[in-house]
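Single-letter residue listing:
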Amino acid sequence: MFFYSTNNISPKVDFKQATINGQAPDKGLYFPEEIPVFPVEMIENINSYSNEEIAFQVIRPYVGDAIPEAELRRIVAETINFDIPLVWVTDDIFSLELYHGPTLAFKDIGARFMSRCLGYFVKDLGKKVTVLVATSGDTGGAVANGFFDVDGIDVVILYPSGKVSTVQEKQLTTLGKNIHALEVTGTFDDCQLMVKEAFSDEGLKEKLFLTSANSINVARWLPQQFYYFFAYKQWQQKNNPPVIAVPSGNFGNICAGILAHVSGLPVKHFIAACNANDIVPSFMQTEKYEPKKAVPTISNAMDVGNPSNFIRILEIFGHHFINLKKVVSSCSITDEETKETLKAVYQQKKYLLDPHGAVGYFALQQYQQKNPGQKGIVLETAHPVKFFDVVEPITGQPVLIPTSVQAQLLLQKKSTKIAADTAMLKQFLLSL
Ligand SMILES: *Cc1c(COP(=O)(O)O)cnc(C)c1O
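What counts and how
- Residues numbered from 1 in each chain as written.
- Predicted model: local features only at pLDDT ≥ 70, side-chain atom pairs only at ≥ 80, totals over all residues.
- Heavy atoms only, no water.
- Helix = DSSP H or I, 4+ residues; strand = E, 2+ residues; numbered from the N terminus.
- Rg over C-alpha atoms; globule rule 2.2 N^0.38 Å.
- Buried < 20%, exposed > 50% of the residue type's maximum accessible area, 1.4 Å probe, protein only.
- Polar contact = N/O pair within 3.5 Å; in protein donor to acceptor, adjacent residues only side chain to side chain.
- Contact = heavy atoms within 4.5 Å.
- Near = heavy atom within 4 Å.
- Nonpolar A, V, L, I, M, F, W, Y, C, P; charged D, E, K, R; others polar.
- Pairing = 2+ DSSP bridges.
- Axes fitted to C-alpha atoms, helices over the stretch in contact; angles between N-to-C directions.

## Notes on the overall build of the protein
In step 1: The number of helices and strands found in the protein is 20 helices and 13 strands.
In step 2: For 432 residues, the compact-globule formula gives about 22 Å, and the C-alpha radius of gyration of the protein, at 21 Å, lands near that figure.
In step 3: Projected onto its principal axes, the C-alpha coordinates of the protein cover approximately 60 × 50 × 45 Å.
In step 4: With 432 residues in all, the protein has 58% of them scored as buried.

## Quick word on the side chain of Gln 224
In step 1: Note that Gln 224 resides in the loop between helix H10 (218–221) and helix H11 (226–234).
In step 2: Residue Gln 224 is classed as buried on the basis of its relative accessible area of 8%.
In step 3: For Gln 224, the side chain forms a polar contact with the main-chain oxygen of Arg 220, separated by 3.4 Å.
In step 4: Those residues in contact with Gln 224 that lie beyond four places of it in its chain are Phe 106, Gly 252, Asn 253 and Ala 256.

## Here we look at the site of the ligand
In step 1: Every one of the 15 residues lining the ligand counts as a neighbour, but Lys 107, Gly 249, Asn 250, Phe 251 and Thr 381 are closest to it.
In step 2: Between the ligand and Asn 250, the relevant distance is 2.7 Å, taken from an oxygen atom to a main-chain nitrogen or oxygen of the residue.
In step 3: The contact in question runs from an oxygen atom of the ligand to an N or O atom on the backbone of Gly 252, over 3.2 Å.
In step 4: Per-class residue counts for the shell around the ligand are six nonpolar, seven polar and two charged.

## Description of the environment of Gln 347
In step 1: Relative to the helices and strands, Gln 347 is located in helix H16 (residues 335–349).
In step 2: Taking the C-alpha atoms as reference points, Gln 347 and Thr 395, separated by 48 residues in sequence, lie 8.0 Å from one another.

## Quick look at helix H7 (residues 166–173)
In step 1: The buried fraction of H7 is high, at seven of eight residues.
In step 2: What H7 keeps buried is the set Val 167, Gln 168, Glu 169, Lys 170, Gln 171, Leu 172 and Thr 173.

## What about the sheet that holds strand S10 (residues 269–274)?
In step 1: With respect to topology, six strands assemble into an open sheet ordered S3-S4-S12-S9-S10-S11, the strand pairing being mixed. Looking at which strands have only one partner, the edges of the open sheet turn out to be strand S3 (86–88) and strand S11 (328–332). Strand-to-strand twist across the sheet, computed as the mean angle between neighbouring axes with direction ignored, equals 25 degrees.
In step 2: Sheet analysis places strand S4 (residues 93–97) next to strand S12 (residues 376–380), joined by five bridges and oriented parallel. Within the sheet, the bridge partner assigned to Glu 97 lies in S12 and is Glu 380.
In step 3: Where helix H12 (residues 252–262) meets the sheet, its contacts fall on strand S9 (243–247), S10, S11 and S12, and the angle it forms with S10 comes to roughly 175 degrees.
In step 4: Relative to S11, helix H13 (residues 279–286) is tilted by about 125 degrees, and along the sheet it contacts S10 and S11.

If you want it as structure tokens, here you go:
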């Protein structure tokens, strides 16, 4: 399988090169030349296949011969080695809990898959690879955990001192081994700028193989299809496929779901549930795509003013607006609606959502009111404990911390404090 750049200037590449490059040199996003057809027989008998087998069959056509079968099977098995349950909330709404991975967010799946693919590819690269990321919180944890102990790869994470939550900081700073946390006395923007400057530094390029673990990387994007198949496997009414609501920020997650659907997975409709950052909901009304400055909300992992993966959704539909509208709708939910939903679902259904899941839940309810008789799934993208400061005042109850995280909270933080200065970052990178 080859991937072309959505800007159509850079040459086509295979899965290996697309993973190593991240973004295409012409600044476009890599997109598969054709969308594979998932075996109909497997869809019809999905309950008789293991999750490992389903995930392997989903990803195999994209990877092609870039990774041998046995190795790819191992990577897939390690990627999905935690529960992804579909939980009953009401007779019409089910929650796909994507937060049982090591950092309690759905980003674990993409990060684990990408890290292992890159780990395989660096073996014949002949030099060590350094993954450099700046984080405002969640991405760093998933990347750190995903790459932990992967041979041949060092990970350097920059985070703004005092500006990430305690849980997030522990997730970044307690792993050790090949994971290096740099606590920058500055803001997230400073961290991002330092990373950007390091990437364009010719001197560093000569000595190190630097790469990013950006969310647009095909090896992070494509494995997100897996859990849409797992959801369908657990769906009881196979002849009445679900409507799926996806809390969306950069639109990578929902775009993977749509790709799965176009490959043959039965889904009735997709709802892209956004917070106040309503670029896509506006587009669906006006057909005009107008990026804006992101506004802060309580579902902050979706505070995105220019969703980078949306172009891939347009690509799937050949930029035909009518076709897109048949499959996807989008809406913007306020913080007030998010909080009310979180509270009502907790009190009436005894089910605790996180703010991102609550955005999806409200959007699904709204859709069901307009389209009666439809049953749906909301993707729960993070564990409520990650947003306890929002959740606890609403429920009046402490959120129980999963045992896996409790252990990590007791570990000693290990980080290197540095000034917001790229020269210091360079020095650190060269000393690894
Ligand atoms: C990243 C994230 C999202 C948004 O996912 P996209 O793929 O960027 O649309 C939603 N919820 C949580 C908790 C996240 O961390």
